[in-house]
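# Fold and geometry: a report
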Amino acid sequence: MSFFIGNVKIPGRLALGPMAGITDLPFRLLCREQGAALLYTEMVSAKGVMYGNKNTAELLKTCDAERPVALQLFGEDPEILAEQARALSALPFDLFDVNMGCPVPKVVGNGEGSALMKRPERIGEIVAAMVAAQPKPVTIKIRKGFQETNAVEVAKIAEQAGASAIAVHGRTREQYYSGKADWEIIRKVKDAVSVPVIGSGDVTSPEECLRMLEETGCDCVMIARAARGNPFLFARCKHFLETGELLPEPTVQETADMCLRHARMVTEQKGEEMGMREMRKHVAWYFGGYPGSAKLRQHANFLTNYEELKELLRKYLGKEL
């Protein structure tokens, strides 16, 4: 079930996709424990690294327990990306990934993220510069296209420039996350290049995970939004791929235990005040779809410390809310 990206062994076929404000070190570790074989950091601005942005240091935190892990950079200047890759290459991560799929206007307006899909030649220049600047494998994460489909063209250019793997999200930038992801474009990219291809888009269950592997031939399945509040999904997918047996959904008690563990890890890393602010959205994701989750979410918006969360979940589980 393992494969290689460059000289880095990936011990499975499940990846946690990069999500800004979500895939920090604590969440990545939880997903690793559940079976994610490859992790990605939140995207980090190459210019932010260059200018010593105070928020960047937190985004760069990794640890040996989560490896293999990819550090995802974003930018559009080959020289800046290459120079920052060189400067960061001594840190304990395994791959450099370049974000070429982010659809948000602030990023696209700077010519970064999915805006690069409109400039295939620039993508080749970025990859070549980063490969030449440092020894770690360079990968890219792209979309189906910006408005028109050109993922195959971009993938070929990236491979020729030295990319070691390509992740493909089956939507254009114009779609954002709406509509249905096009898995056929993932298959076409896989047929067009010889490096590993990671498929992304609309995998929310073990059955869909297996179907993506079978229909696209991709080497690895990337799960992102479906993992919010649900690290268990990796364990369920891994078990299903290995045995064909479908494990049950987590119980509400198991979900509460995971949420509390997540909160302990976040507050330990970031401090209680900042950690609990961040946990508010995670609480909503953990319990979305459960009875009474709307009222729980309302209370969670005012959490200031771990003991308050513990008491809130005690009342929720005891049906006292």
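Now for a look at the structure at hand. (Residues numbered from 1 in each chain as written. Predicted model: local features only at pLDDT ≥ 70, side-chain atom pairs only at ≥ 80, totals over all residues. Heavy atoms only, no water.)

Judged by nonpolar contacts, the single largest core of 64 residues is most densely connected at Leu 16, Phe 96, Met 130, Ile 140, Ile 142, Ile 166 and Ile 223. Among the elements that make up this core, the one with the highest residue count is helix H7 (residues 151-161) (5 residues). If we skip the residues at most four places from it in the chain, Ile 166 touches Ile 140, Ile 142, Ala 155, Ala 158, Val 193, Val 195, Pro 196, Val 197 and Ile 198. Counting 24 residues, the second largest nonpolar core, distinct from the first, contains Met 265, Val 266, Leu 303 and Tyr 316. (Core = buried A, V, L, I, M, F, W, Y, C linked by side-chain atoms within 4.5 Å. Buried < 20%, exposed > 50% of the residue type's maximum accessible area, 1.4 Å probe, protein only. Helix = DSSP H or I, 4+ residues; strand = E, 2+ residues; numbered from the N terminus. Contact = heavy atoms within 4.5 Å.)

What follows concerns the packing of helix H8 (residues 183-192) against helix H9 (residues 206-216). Following both chains from N to C, one finds H8 and H9 inclined at 45°, their axes separated by 9 Å at the closest point. The angle between H8 and H9 falls in the class oblique. Relative to H9, the crossing made by H8 is right-handed. Judged by residue contacts, Trp 183, Ile 186, Arg 187 and Lys 190 of H8 engage Glu 208, Arg 211, Met 212, Glu 215 and Thr 216 from H9. (Axes fitted to C-alpha atoms, helices over the stretch in contact; angles between N-to-C directions. Parallel < 35°, antiparallel > 145°, perpendicular 65-115°, else oblique. Left-handed = near helix turned anticlockwise from the far one by under 90°.)

This brings us to the side chain of Thr 56. Position of Thr 56 relative to the elements: it lies in helix H3 (residues 56-59). For Thr 56, a relative accessible area of 7% puts it in the buried group.

This next bit is on the packing of aromatic side chains. Tallying each qualifying case throughout the model produces 3 aromatic pairs. Between Phe 93 and Phe 96, the aromatic rings sit 4.9 Å apart at their centres with planes inclined by 80°, giving edge-to-face as the arrangement. The exposure class of Phe 96 is buried, given its relative accessible area of 0%. An angle of 70° between the planes, with centres 5.4 Å apart, marks the rings of Phe 287 and Tyr 316 as edge-to-face. Placement of Phe 287 in helix H12 (residues 272-287) and of Tyr 316 in helix H14 (residues 306-317) is noted, with a sequence separation of 29 residues between them. Tyr 316 gets classed as buried once you look at its relative accessible area, which sits at 11%. Taken together, the ring pairs in this structure connect Phe 287, Tyr 290 and Tyr 316 into an aromatic cluster. (Phe/Tyr/Trp six-rings, centres within 6.5 Å; stacked < 30°, edge-to-face > 60°.)

This next bit is on the pattern of salt bridges. Inspection of the entire model under this criterion finds 23 salt bridges. Between Glu 215 and Arg 211 there is a salt bridge; the shortest N-O distance is 3.1 Å. With a gap of 4 residues between them, Glu 215 and Arg 211 both fall in helix H9, about one helical turn apart. Looking at Arg 211, the relative accessible area reads 34%, which means it is partly exposed. Notably, a salt bridge pairs Arg 236 with Glu 249, separated by 3.6 Å at the nearest N-O pair. Of this pair, Arg 236 sits in helix H10 (residues 232-243) while Glu 249 sits in the loop between H10 and helix H11 (252-270), placing them 13 residues apart in sequence. For Glu 249, a relative accessible area of 54% corresponds to the exposed category. Ionic contacts of the salt-bridge type, sharing partners, join the residues Glu 76, Arg 119, Arg 122 and Glu 125 into one network. (Salt bridge = Lys/Arg side-chain N within 4 Å of Asp/Glu carboxyl O.)

Turning to H7, its buried residues number three or more, namely Ala 151, Val 154, Ala 155, Ala 158 and Ala 161. In a view along the axis of H7, the buried residues occupy a sector of 130°, so they form one face of it. The inward-facing, buried residues of H7 abut helix H6 (120-133), strand S8 (138-145), strand S9 (165-172) and H8. (Arc of directions from axis to C-beta.)

The next subject is the pairing of strand S7 (residues 95-100). With 6 of 6 residues buried, S7 is to be regarded as a mostly interior element. On S7, burial covers both faces: Leu 95, Asp 97 and Asn 99 on one face and Phe 96, Val 98 and Met 100 on the other are all buried. Pairing of strand S6 (residues 69-74) with S7 involves 4 bridges; the strand directions are parallel. Following the sheet pairing, Ala 70 is matched in S7 by Leu 95. As judged from the 5 bridges shared by S7 and S8, these two strands associate in the parallel manner. Pairing of Asp 97 across the sheet is with Thr 139, part of S8. (Pairing = 2+ DSSP bridges.)

Bringing unusual backbone geometry into the picture now. The omega torsion across Arg 67 and Pro 68 is 5°, close enough to zero to call that bond cis. Within the fold, Pro 68 resides in the loop between H3 and S6. At Asp 202, a residue that is not glycine, the phi angle is positive and equals roughly 70°. In this structure, Asp 202 sits in the loop between strand S10 (197-200) and H9. Here the phi dihedral of Lys 319 falls at roughly 60°; this positive angle occurs in a residue that is not glycine. In this structure, Lys 319 sits in the segment after H14. Under the relative-accessibility criterion, Lys 319 is labelled exposed at 74%.

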